[in-house]
Amino acid sequence: MNFDLTEEQDQLRDAVRALGRRYGHAYFVEKARSGGHTTELWAEAGRLGYLGVNIPTEYGGGGGGITELAIVCEELAAAGCPLLLLVVSPAIAATVIDRHGTTEQRKRFLPGLADGSQKIVFAITEPEAGSNFHRLGTVARRDGDDWVISGRKCYISGVDEAQHVLVVARTEDSATGKLKPALFVVPTDAAGLTSSRLDMEIVSPENQFLLYLDDVRVPADALVGESLDAGLPALFAGLNPERITVAAMGAGTGRYAIERASGYTATRKVWGGRTIGSHQGVSHPLAHAAVQVELARLMIYKAATLYDAGRDLEAGVAGNMAKYAAGEAAALAVDTAVQVHGGAGMTTEYGVATLLGAVRAGRIAPVSREMILNFVAQHVLGQDKSY
């Protein structure tokens, strides 16, 4: 059992940390407040190879795994720049296409995903069905050689920044007549595809959208994989990387908040010339939050290691646990950081309250803490399915 990163992983961590700190949380917030995007940071991260660390070298990537991508997600978040599109584009879309796409799809999309010039976002959630793919209302039907897709999606991240969206729809199995999931790579400028931005109480330069597909026509090669049989495995291929990288982003955010708070409490003096951090009522909550973040990190890298070893079932359990732990730890860390700052904690200047909305959302999306507890109860504790 080895808890140390490899030399290459250490170098990656240090390099990404340095990049993130050159931009910092003030840059992230300024982009969010102005309605901009983190275009410069994304482009530089792509140019340096950090966005494609998990993509095979033959397609311009680093040839690493989800462990390396988790390091990138965590370190940028620890610098105050939690980039959600790292989860959506390199983690979900690149993994799905690499593992289940056709040779032509891998050649077409992976190089751009690796260098950051291409972004592919992910559309599964629907207003009525949530993330329950068994009840998805978005349907794709054959029309000659084409596919025609109709439906609605919600909470789709980054549609305004992406060239394509990976749409989860249901298709009719000609052999059984039953509907089965399938994934399609759809251009965001396709006729019949429209979107409207959702107003969110989250300070982020990455926006959320409602997506409308009104008889969107795409060619046969938009279907991910060689046949409809690729749909279900392709869908599940993206879920473990999603859980792990979201968790890594949460852990990084928790680290950022604790670092900000610790720096403040170690220098702020109010009573008798003593620092406020010398009081246990201040230091103990911070120490408790630090413990929770570190425990979450251990589970994140266990899950990533299992995933990269091809142990998907075990990685599924660990990934869900990591996502749960990191969501709770990040929310605790940011809330504690705000509290120890006192009134200053609620100002933009001190750079912690700006993360309250994001870490609260991290306990809900991309899978809620309650659904994770359902999963653990059923698959780890052997309880009957509760839903």
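Within any chain, residue numbers begin from 1 and follow the written order of that chain's sequence. This being a predicted model, a pLDDT of at least 70 is required before a residue's local features are given, and a value of 80 or more before pairs of side-chain atoms are given or counted; all residues contribute to the totals for chains, interfaces and linings. In computing side-chain properties, one takes all heavy atoms of the structure into account and sets aside hydrogens as well as water.

By the naming in an unreviewed UniProt entry, the chain is Acyl-CoA dehydrogenase, taken from Micromonospora nigra. UniProt positions are given in the numbering used here, feature names are shortened, and annotations may be inferred rather than shown by experiment. Under Sequence similarities (unreviewed entry), UniProt gives the following word-for-word description of the chain: "Belongs to the acyl-CoA dehydrogenase family." As its UniProt record puts it under Cofactor (unreviewed entry), the chain is described as follows: "FAD".

How would you sum up the overall build of the chain? Please name residues and give values.
Secondary structure counts use DSSP, requiring at least four H or I residues in a row for a helix and at least two E residues in a row for a strand, with both numbered from the N terminus. Scanning the chain from terminus to terminus reveals 11 helices and 7 strands. A principal-axis box enclosing the C-alpha atoms of the chain has dimensions of 80 × 50 × 40 Å. Pairs at least 24 residues apart make up 70% of the contacts formed inside the chain by residues separated by at least 6 positions. Every accessible area reported is derived by Shrake-Rupley at a probe size of 1.4 Å, with residue values counting cover from the shown protein chains alone. Accessible area for the chain stands at about 17,400 Å²; split by element, carbon and sulfur atoms hold 52% of it. The contact criterion used throughout is that any non-hydrogen atoms of two residues lie within 4.5 Å.

Describe the packing of aromatic side chains, listing the residues and the values that go with them.
Aromatic contacts are taken between Phe, Tyr and Trp rings whose centres are within 6.5 Å, Trp giving its six-membered ring; a plane angle under 30 degrees counts as stacked, one over 60 as edge-to-face, and the others as tilted. Considering all chains together, one arrives at 3 aromatic pairs under this definition. Sitting over a ring, as applied to charges here, requires NZ of Lys or CZ of Arg to be within 6 Å of the ring centre and within 35 degrees of the ring normal. Directly above the aromatic system of W42 lies the positively charged group of K119, at a separation of 4.7 Å from the ring centroid. One residue, R142, lies across the ring of W147, its end atom 4.7 Å from the ring centre.

Lay out the domain arrangement of the chain with the relevant residues and their values.
Domain ranges listed in this record stem from an automatic or a database domain assignment. Here the domain parsing of the chain yields domain 1 (7-119), domain 2 (122-226) and domain 3 (232-381). Contacts between the two partners involve 25 residues from domain 1 and, on the opposite side, 23 residues from domain 2. By buried area we mean how much accessible surface two parts lose on assembly, using a 1.4 Å probe and totalling the loss over both. When the two sides are added together, the surface that domain 1 and domain 2 hide from each other amounts to roughly 2,000 Å², 60% of it contributed by carbon and sulfur. One side-chain nitrogen of Lys or Arg within 4 Å of one carboxyl oxygen of Asp or Glu is enough to make a salt bridge. Residue E161 is joined to K119 by a salt bridge in which the shortest nitrogen-to-oxygen separation is 2.8 Å. Contacts described as polar in this section are N or O atom pairs within 3.5 Å, which, within protein, must combine one atom able to donate a hydrogen with one able to accept it, while residues neighboring in sequence count only if both atoms come from side chains. The tally of links from domain 1 across to domain 2 stands at 13 residue pairs in polar contact (both at pLDDT 80 or more). In terms of residue count, the dominant contributor to the side of domain 1 that touches domain 2 is helix α4 (residues 84-100) (7 residues). Under the scheme applied, nonpolar residues are Ala, Val, Leu, Ile, Met, Phe, Trp, Tyr, Cys and Pro; charged residues are Asp, Glu, Lys and Arg; polar residues are all the others, including Gly. Here the residues of the side of domain 1 that touches domain 2 are counted per class, giving 12 nonpolar, 9 polar and 4 charged.

Could you give me a rundown of helix α7 (residues 239-265), with the residues and numbers involved?
With 27 residues, α7 ought to run about 39 Å at 1.5 Å a step, and its terminal C-alpha atoms sit 39 Å apart, in line with that. Taken across its 27 residues, α7 has 22 buried, putting it largely inside the fold. Under the convention used throughout, the expected extent of a helix is 1.5 Å for every residue step, that is, one less than its residue count. Burial classes: relative accessible area under 20% of the type maximum marks a residue as buried, over 50% as exposed, and values in between as partly exposed (1.4 Å probe, protein chains only).

Any chance you could break down the layout of surface pockets for me, citing the residues and the numbers?
Each pocket or cavity is described by its volume, and for the second largest pocket that value is around 630 Å³. With 7 residues, the top contributor of residues to the lining of the second largest pocket is helix α8 (residues 280-308). Class assignment for the residues of the lining of the second largest pocket results in 7 nonpolar, 5 polar and 8 charged. Split by domain, the residues of the lining of the second largest pocket number at least three in each of domain 1 (7-119) and domain 3 (232-381). In this analysis the probe radius is 1.4 Å and the grid spacing 1 Å, with only protein atoms considered; a cavity is a set of points the probe fits into but cannot get out of, a pocket is an open set with protein on both sides within 12 Å along at least five of seven lines, and lining residues have an atom within 4 Å of a point. Grid points are joined across faces, edges and corners, and a volume is the space filled by probe spheres set on the points.

Summarise the pairing of strand β1 (residues 120-123); cite the residues concerned and give the values.
Side chains I120 and F122 project from β1 onto one buried face, and the interleaved V121 and A123 project onto a second face that is buried too. Relative to strand β4 (residues 164-172), β1 is paired through 4 bridges, and the arrangement is parallel. Bridge pairing in β4 places A123 opposite V167. Should DSSP find at least two bridges between two strands, the strands are regarded as paired.

Describe the packing of α7 against α8, listing the residues and the values that go with them.
Here, axes are lines fitted to C-alpha atoms. For helices the fit covers the stretch in contact, and angles between N-to-C directions go from 0 to 180 degrees. Between α7 and α8, whose axes approach to 9 Å, the crossing angle comes to 155 degrees. Taken together, the axis directions place α7 and α8 in an arrangement best described as roughly antiparallel. Relative to α8, the crossing made by α7 is left-handed. The residues of α8 that touch α7, namely those facing N240, P241, I244, A247, A248, A251, G254, R255, I258, A261, S262 and T265, are V282, L286, A289, A290, V293, R297, I300, A303, A304 and Y307. An angle below 35 degrees is read as roughly parallel, one above 145 as roughly antiparallel, one from 65 to 115 as roughly perpendicular, and any other as oblique. In a left-handed crossing the near helix is turned counterclockwise from the far helix by less than a right angle, and in a right-handed crossing that turn is clockwise.

Can you explain the environment of D308? Please cite residues and give values.
Position of D308 relative to the elements: it lies in helix α8. For D308, a relative accessible area of 36% gives the class partly exposed. Put simply, D308 and T275 are 33 residues apart on the chain and 45 Å apart in space, counted from C-alpha to C-alpha. When sequence neighbours within four positions are dropped, the list of residues in contact with D308 reads G65, I66, T67 and E68.

Could you give an account of the pattern of salt bridges, naming the residues involved and the relevant values?
Applying the stated criterion to the full structure yields 24 salt bridges. Here R13 ties to D10 by a salt bridge, and the two come within 2.7 Å at their closest N and O atoms. One end of the pair is R13 and the other is D10, both in helix α1 (residues 7-34) and 3 residues apart, which spans about a single turn. Taking relative accessible area as the criterion, D10 reaches 25% and is therefore assigned partly exposed. Residues D14 and R17 are paired through a salt bridge, measuring 3.6 Å at the closest nitrogen-oxygen approach. Placement of the pair is D14 and R17 together in helix α1, with a separation of 3 residues, close to one helical turn. Ionic contacts of the salt-bridge type, sharing partners, join the residues D10, R13, D14, R17, E74, E75, R255, E294 and R297 into one network.

An account of α4 is requested, with residue identities and associated values reported.
Taking 1.5 Å as the rise per residue, α4 with 17 residues should run 24 Å; its terminal C-alpha atoms sit 23 Å apart, in good agreement. A bend of about 30 degrees at A94 is the largest found in α4. Of all 17 residues in α4, 13 are buried, a share of seventy percent or more. What the bend at a residue measures is the angle between two axes, fitted to the seven residues ending there and to the seven starting there.

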